[in-house]
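# Chains, contacts and geometry: an overview
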Amino acid sequence: MDIIWITTLVIAVIGVVVAAGLVFMGKKFAVEVDEREVAVREKLPGNNCGACGYAGCDALAGAISRGEAPVNACPVGGAPVAQAIGDIMGTTAGALERKTAFVACKGTCEVTKNQGNYIGVKDCRAAVLSGMNVTDCNYGCLGFGSCAEVCPEQAISIQNGVAVVNRNRCVSCGLCAKVCPRGLISLIPESRIVRVQCSNRDRGPQVKKVCAAGCIGCGLCAKQCESEAIEFDGTLARVNPEKCTLCGKCAAKCPVKVITPAG
């Protein structure tokens, strides 16, 4: 019995010594946490999407508290979160307009020609890597829904072969834009919805062969625009949101109706 008691006592003493050592080392090497960082982190939505350019909400909170990132750096939280963080940091958030994802393709099954049945992994990135095309257009949406799969808010759906964004559900995290292998998706200010819904940079006759809803570079939109907001990327029309007055004349005049109206 004495041996058992002695063994128990030794183990207990060792446990106390180890515990005391851990407490001492914890205090000695403890890293002080900025209270503002904790407060900022509580205001962030917690999506950890990386749309802000940081690894996640924890990293962004640390950057904001150190003054390395602006208080309105979180696109998902938008103006309300920016204002709350601005109050914590003692600074103004500034104007921050909500953004939504925009898909620059209108090539539905009715207006494009199908090359055949794609056999392979139903993933847009895999299809591009394989060199296979679903339609004759080398620039359009592949329609396999890689963007929809990564959307945390289920704001994207594939309708008639093309990705469609529900702007009311979109939180502008940008994950869809990152995953699209053809770069068709971008984040745009919600009020600047007038856009050319096409990415085909071929000349008009070639575009007509592959898509009835593709930009043919006719220039009629530019002639209608009094604010000179229509610019061209080669033969592909683009709308400069800084100049656009949302008059809608370009969309009304477009012969292929590939410009989204202002309404």
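Shown above is the structure to which this text applies.
Reference entry: report on the structure contained in this document.

Conventions used here
- Starting from 1, residues in each chain are numbered consecutively following that chain's sequence as written.
- Residue-level local features of this predicted model are given only where pLDDT is at least 70; pairs of side-chain atoms are given and counted only at 80 or more, and the full residue set underlies all totals for whole chains, interfaces and linings.
- With hydrogens and water set aside, each side-chain value is computed from the structure's full complement of heavy atoms.
- Comment: elements are numbered from the N terminus, with helices defined as DSSP H or I runs of at least four residues and strands as E runs of at least two.
- A 1.4 Å probe rolled over the protein chains alone gives each residue an accessible area, and that area as a share of the maximum for its type sets the label: buried under 20%, exposed over 50%, partly exposed in between.
- By definition in these notes, contact holds between two residues if any of their heavy atoms fall within 4.5 Å.
- Nonpolar cores are built from buried Ala, Val, Leu, Ile, Met, Phe, Trp, Tyr and Cys residues. Side-chain atoms within 4.5 Å join them into one set.
- Paired strands, in this sense, are two strands between which DSSP finds at least two bridges.
- Helix axes are fitted only over the stretch in contact, all axes being lines through C-alpha atoms; the angle between N-to-C directions runs from 0 to 180 degrees.
- Roughly parallel refers to an angle under 35 degrees, roughly antiparallel to one over 145, roughly perpendicular to one between 65 and 115, and oblique to any angle outside these ranges.
- Helix crossings fall into two classes, left-handed where the near helix is turned counterclockwise from the far one by less than a right angle and right-handed where it is turned clockwise.

## Considerations on the overall build of the chain
Along the backbone of the chain there are 10 helices and 6 strands. For the chain, the residues scored as buried account for 37% of the 263 residues in total. In the chain, the share of contacts with a sequence separation of at least 24, taken over all contacts with a separation of at least 6, comes to 56%.

## Some details on the nonpolar core
Within the largest apolar cluster, 18 residues are counted, with the highest numbers of intra-cluster contacts made by V196, C215, I230, V258 and I259. Where this core is concerned, the elements lending two or more residues are β6 (236–239) and α10 (249–253). Broken down by element, the residue count for this core peaks at 3 residues, all from β6. Beyond its immediate chain neighbours, meaning those up to four positions away, I230 contacts C221, A222, C225, A237, R238, V239 and C250.

## Quick word on the environment of P255
In this structure, P255 sits in the segment after α10. Between the alpha carbons of P255 and C221 there is a distance of 9.1 Å; along the sequence they are 34 residues apart. Once you skip the residues sitting within four places of it in the chain, P255 turns out to touch I216, C218 and L220.

## Some thoughts on the pairing of strand β2 (residues 156–159)
Direction of pairing for β2 relative to strand β3 (residues 162–165): antiparallel, over a ladder of 4 bridges. Residue pairing in the sheet places I156 in a bridge with V165 of β3. Connecting β2 to the antiparallel partner β3 that follows it, the hairpin turn spans 2 residues, and N160 within it adopts a positive phi of roughly 60 degrees.

## What to know about the packing of helix α2 (residues 35–43) against helix α3 (residues 57–65)
Close contact between α2 and α3 brings their axes to 8 Å; oriented N to C, the two are set at 135 degrees. With respect to their mutual orientation, α2 and α3 come out oblique. For the pair α2 and α3, the crossing hand works out as right-handed. Together, R36, E37, V40 and R41 of α2 and C57, D58, A61, G62, I64 and S65 of α3 make up the contact between the two elements.

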